[in-house]
Amino acid sequence: MSDPHASILASLDSLAGAYAARFESAQTEQALRDENAKVLGKKGELTAILKEMGKVPADARKAIGERVNTLKSEVEGAFEARLKAILRKAREAELSLPPFDLTLPGRAPSRRGHPHPISIVRDEIVGIFESMGFAVFDGPEIDTAANNFDKLGFPPDHPATDMHDTFYTKAGHVLRTHTSNIQVRAMSTMKPPFAFIAPGACYRVDSDITHSPMFHQIEAFMVDEHVTLAHLKGVLREFAERFYGSGTPIRLRPSYFPFTEPSAEVDVGCVFCKRADGTRAGCAVCKQSGWLEILGSGMIDPVVFTECGIDPERWSGFALGMGLERQAMLRYGIPEIRFLFENDPRFLAQF
Ligand code: DAH
């Protein structure tokens, strides 16, 4: 092999005699492309031969160059022809298959959507109140300041009405800051006696580990002759039993809301440090108190009745409102509110 000229000619001859059979034996497009690359690719055989050209005496180079070019175009032609044949064969095989049966049952998606914990908790709470005779009442998320604040007894300069706390629209409406606007709407249009449960989204300029600018509440209220604090307490007890588990104690702490008098914040016995015997050891979640605040409530203030055209001398009622995110976090031990808004399927699938 000392003569580069002779060695190149030998390589060309052997390649010319071999490539066609190799292309023929390739059965798939990929196999054919691989074979083609072995000849024409950057590290291919023909490319390697071309690199040897420099060693050939100048007078022989032209003839070999022509030989190489001819072989190259033959290889390219053979590749195209074989590719066509392979694709045609694949297409024919496809067409000769029995026709696709459109009546076959579909395959179920392997990963399904899942109800959001807020929806689960909302439906369950609505169900508990419905079973006690409450009907669902709906109201808009964008409402007048009158329905959201004034008719509920908020004085005009109440801090809650501040721009820092409330989203106002350009037209002067508010994104409701609580579902209590539904009390006003129901009481202004319905004649007592009635009892309603009203879930919905609310908005406040507030965002931290336990607050989101959009969140959910459920409002419940009952108006009849002779409704007393005892009725409120009975409903709260039933709710705590059924939502937080049987034997869950409640306690009412005096509080203040513009739309109730008297008002009470309601706690349930801490669901995290409860022991088998029903006592509570105290833990970080309840700050060692053994109690968790779950909602605000009270007897509807006569001022609200008057604003809504209901005679406070004849009718009385109670109202309560609770945050759904809070109930979900307590119920499922969710540590941060953002989990409820990220909608990560790995999180949602746990409920
Ligand atoms: N609207 C109150 C809030 O957003 C919750 C509330 C408290 C609703 C007492 C009521 C109630 O109906 O009686 O914090």
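Cut-offs used in this document
- Residues numbered from 1 in each chain as written.
- Predicted model: local features only at pLDDT ≥ 70, side-chain atom pairs only at ≥ 80, totals over all residues.
- Heavy atoms only, no water.
- Buried < 20%, exposed > 50% of the residue type's maximum accessible area, 1.4 Å probe, protein only.
- Helix = DSSP H or I, 4+ residues; strand = E, 2+ residues; numbered from the N terminus.
- Pairing = 2+ DSSP bridges.
- Near = heavy atom within 4 Å.
- Polar contact = N/O pair within 3.5 Å; in protein donor to acceptor, adjacent residues only side chain to side chain.
- Areas by Shrake-Rupley, 256 points an atom, 1.4 Å probe, with all protein chains shown as cover.
- Nonpolar A, V, L, I, M, F, W, Y, C, P; charged D, E, K, R; others polar.
- Contact = heavy atoms within 4.5 Å.
- Axes fitted to C-alpha atoms, helices over the stretch in contact; angles between N-to-C directions.
- Domains from an automatic or database assignment.

Colleague: Break down the pairing of strand E4 (residues 194-203) for me, with residues and values.
Modeller: Moving residue by residue along a regular strand, the side chains alternate between the two faces of the sheet. Of all 10 residues making up E4, 10 are buried, and the element is well covered by its neighbours. Across 10 bridges, the pairing between E4 and strand E5 (residues 214-224) is antiparallel. Within the sheet, the bridge partner assigned to alanine 195 lies in E5 and is methionine 222.

Colleague: For the site of the ligand, give the residues involved together with the corresponding values.
Modeller: Contacts to the ligand come from 15 residues, most closely from His178, Gln183, Arg204, Gln217 and Glu219. A distance of 3.4 Å is found between an oxygen atom of the ligand and a backbone nitrogen or oxygen belonging to leucine 320. The protein chains hide 89% of the 350 Å² of surface that the ligand would expose on its own. Grouping the constituent residues of the shell around the ligand by class yields 4 nonpolar, 9 polar and 2 charged.

Colleague: Just give me the short version of the sheet that holds E5, but keep the residues and values in it.
Modeller: Pairing is mixed across the open sheet formed by 7 strands, whose spatial order is E1-E4-E5-E9-E8-E7-E6. Strands with a single pairing partner mark the edges of an open sheet, and in this sheet they are strand E1 (135-136) and strand E6 (250-257). Where E6 lies against strand E7 (residues 260-269), 7 bridges are found, and the strand directions are antiparallel. Each residue of the ladder has a partner; that of arginine 251, found in E7, is aspartate 267. Seen against the sheet, helix H10 (residues 324-332) touches E5, strand E8 (291-300) and strand E9 (316-323) and runs at an angle of roughly 145° to E8.

Colleague: Any chance you could break down the domain arrangement of the protein chain for me, citing the residues and the numbers?
Modeller: Examined at the domain level, the protein chain breaks down into domain 1 (4-95) and domain 2 (117-348). Between the C-alpha centres of domain 1 and domain 2 there is a distance of 80 Å.

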